[in-house]
Amino acid sequence: MYLEENFKDNIVHWFNNNQRSMPWRETTNPYYIWLSEVMLQQTQVKTVIDYYDRFTHRFPTIADLSEANEDEVLKYWEGLGYYSRARNFHHAVKEVQRDYNGIVPSDPENFKSLKGVGPYTQAAVMSIAFDHPLPTVDGNVFRVWSRLNNDSSDIKLQSTRKTFEQQLLPYVQEEAGTFNQSMMELGALICTPKNPLCMFCPVQENCEAFDKGTVLDLPVKTKNLKKKTIEQSVFLIRNNKGQYLLEKRQERLLNGMWEFPMFEASNAISEISHKLKHDIEPLPEHIFKLKHQFTHLTWNIKVYSVPETIDINEKVLPDNMVWFDLSNRDDYSFPVSMDKIYRFIEG
DNA sequence: TAGGCGTGGCA
DNA sequence: TTGCCAAGCCT
């Protein structure tokens, strides 16, 4: 038996002496704790801190955020990625303002029903803010728990999550929030994917994988397929005031973010001409190109300059298009790919 | 249920 | 350069 009585004491004691300083650990406000958990999804602590500080400064209360418009919320998320998090969080906070009188529900079922709240966020906020006995199972805990138990279950499977949650229940009956954060902090600082610092691990004596020499083989996770590459064409189209045409994306990917008109290269010219009801003839060669990597796909972008200027008065733009003055960068949320193009033009 | 969904850091 | 990973959730 590896997980003896001293396991929880060991890891919590280590956490109390070694945890990193984070702004959301200095508050008991459930709204702030919730926000931090959403920002931290698939995102490193170091990246989140500045975004968290700016966001809480601009939207200090549930009421403040619920009154904001979505474009401004996205602006405060710009560069953080996974923008549906921002839209879902905004939606959920408005729901709290309307249905719960602006108070984050402390009932786990009610909280879980809010948009963007999954099993992890439910457990994290409920345990940290309200001491509910729910275990957080995130990437860190999958790794730590797999190694402690020398368990080679595929962590991609839903059934593995459920098993881990059941196995962790005894440890969250008291001080759940502290235990949960201890497990995650251990995974982030000691029990890392590569080069784990087992010699400094406070629960080395509780770790079956360390004993058996299988630490680097765990956790087991089936691999994803190879990612696709899409050839994209971007058009820089100006009017007679020197402003550039922008389009607000209405697709799943980067929904609500602004871009210079972009189309798949194979039919780009006809697409943009049709959209503007105007024949577009860009310079035959692209003025520059860039490669943008997502987790699941790659964009090879060629940027074309359209020499002709379009008379602003002769054209009624579709709702999701605007003329963009380079000096008004702060009014628009760009994904990183478009910010690269903006900086090329502006610089 | 498996794949879509951003970005930055690291070996 | 390439692939993997980071306090996951949605459809």
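Presented here is an overview of the structure given in this document. (Residues numbered from 1 in each chain as written. Chains lettered and ligands numbered in written order. Predicted model: local features only at pLDDT ≥ 70, side-chain atom pairs only at ≥ 80, totals over all residues. Heavy atoms only, no water.)

## Topic: the sheet that holds strand β4 (residues 262-264)
The test is simple: The criterion for strand pairing is that DSSP finds at least two bridges linking the strands in question. For helices the rule is a DSSP run of H or I covering at least 4 residues; for strands it is a run of E covering at least 2, with both sets numbered from the N terminus onward. Angles shown run from 0 to 180 degrees and are taken between the N-to-C directions of axes, each axis being a line fitted to C-alpha atoms and, for helices, limited to the stretch in contact.
One open sheet holds the four strands; their spatial order is β4-β1-β6-β5, and the pairing between them is mixed. On the outer flanks of this sheet lie β4 and β5 (288-293), each paired with one strand and no other. Pairwise comparison of adjacent strand axes, ignoring direction, gives a mean angle of 30 degrees for this sheet. Of the strand pairs in this sheet, strand β1 (residues 228-236) and strand β6 (residues 297-305) are connected by nine bridges, and their pairing is parallel.

## Let's talk about the pattern of salt bridges
The line we're drawing: What makes a salt bridge here is a side-chain nitrogen of Lys or Arg within 4 Å of a carboxyl oxygen of Asp or Glu, nothing more.
Per the counting criterion, the structure on display carries 14 salt bridges. Ionic contacts of the salt-bridge type, sharing partners, join the residues Lys75, Glu78, Arg329, Asp339 and Arg343 into one network.

## Section: a negative patch on the surface
Stated precisely, the cut-off is as follows: Exposure above 30% relative accessible area and the absence of a salt bridge qualify a residue for a patch, where like charges join within 9 Å and nonpolar side chains (Val, Leu, Ile, Met, Phe, Trp, Tyr) within 5 Å. Note that accessible areas follow from Shrake-Rupley with a 1.4 Å probe, and for residues the cover is restricted to the protein chains shown. Positive charge is attributed to Lys and Arg, negative charge to Asp and Glu, and no charge count is given to His or to the chain ends. To locate a charge, the coordinates of NZ of Lys, CZ of Arg, CG of Asp or CD of Glu are taken.
Side chains of Glu5, Asp9, Asp131, Glu174 and Glu175 sit close together on the surface and give a patch of like negative charge. With respect to the helices, strands and loops of the structure, Glu5 is situated in the segment before α1 (6-18).

## Details of the protein's contact with DNA strand B
In plain terms, the rule: Throughout, near means a residue has at least one heavy atom within 4 Å of the molecule or strand. Side-chain atoms alone can form a polar contact between residues adjacent in sequence; in general such a contact is a pair of N or O atoms within 3.5 Å, and within protein one must be able to donate a hydrogen while the other accepts it. Put simply, Ala, Val, Leu, Ile, Met, Phe, Trp, Tyr, Cys and Pro go in the nonpolar bin, Asp, Glu, Lys and Arg in the charged bin, and everything else, Gly too, in the polar bin.
Neighbouring DNA strand B are 17 residues; Tyr82, Leu254, Thr295, His296 and Val336 lie closest to it. Backbone polar atom of Leu254 to a phosphate oxygen of DNA strand B: 2.4 Å apart, as the coordinates give it. Between DNA strand B and His292 there is a distance of 3.0 Å, counted from a phosphate oxygen to a side-chain nitrogen or oxygen. Within the surface near DNA strand B, the residues separate by chemical class into eight nonpolar, eight polar and one charged.

Interpretation note: all reported values are geometric properties and have no functional meaning in isolation.
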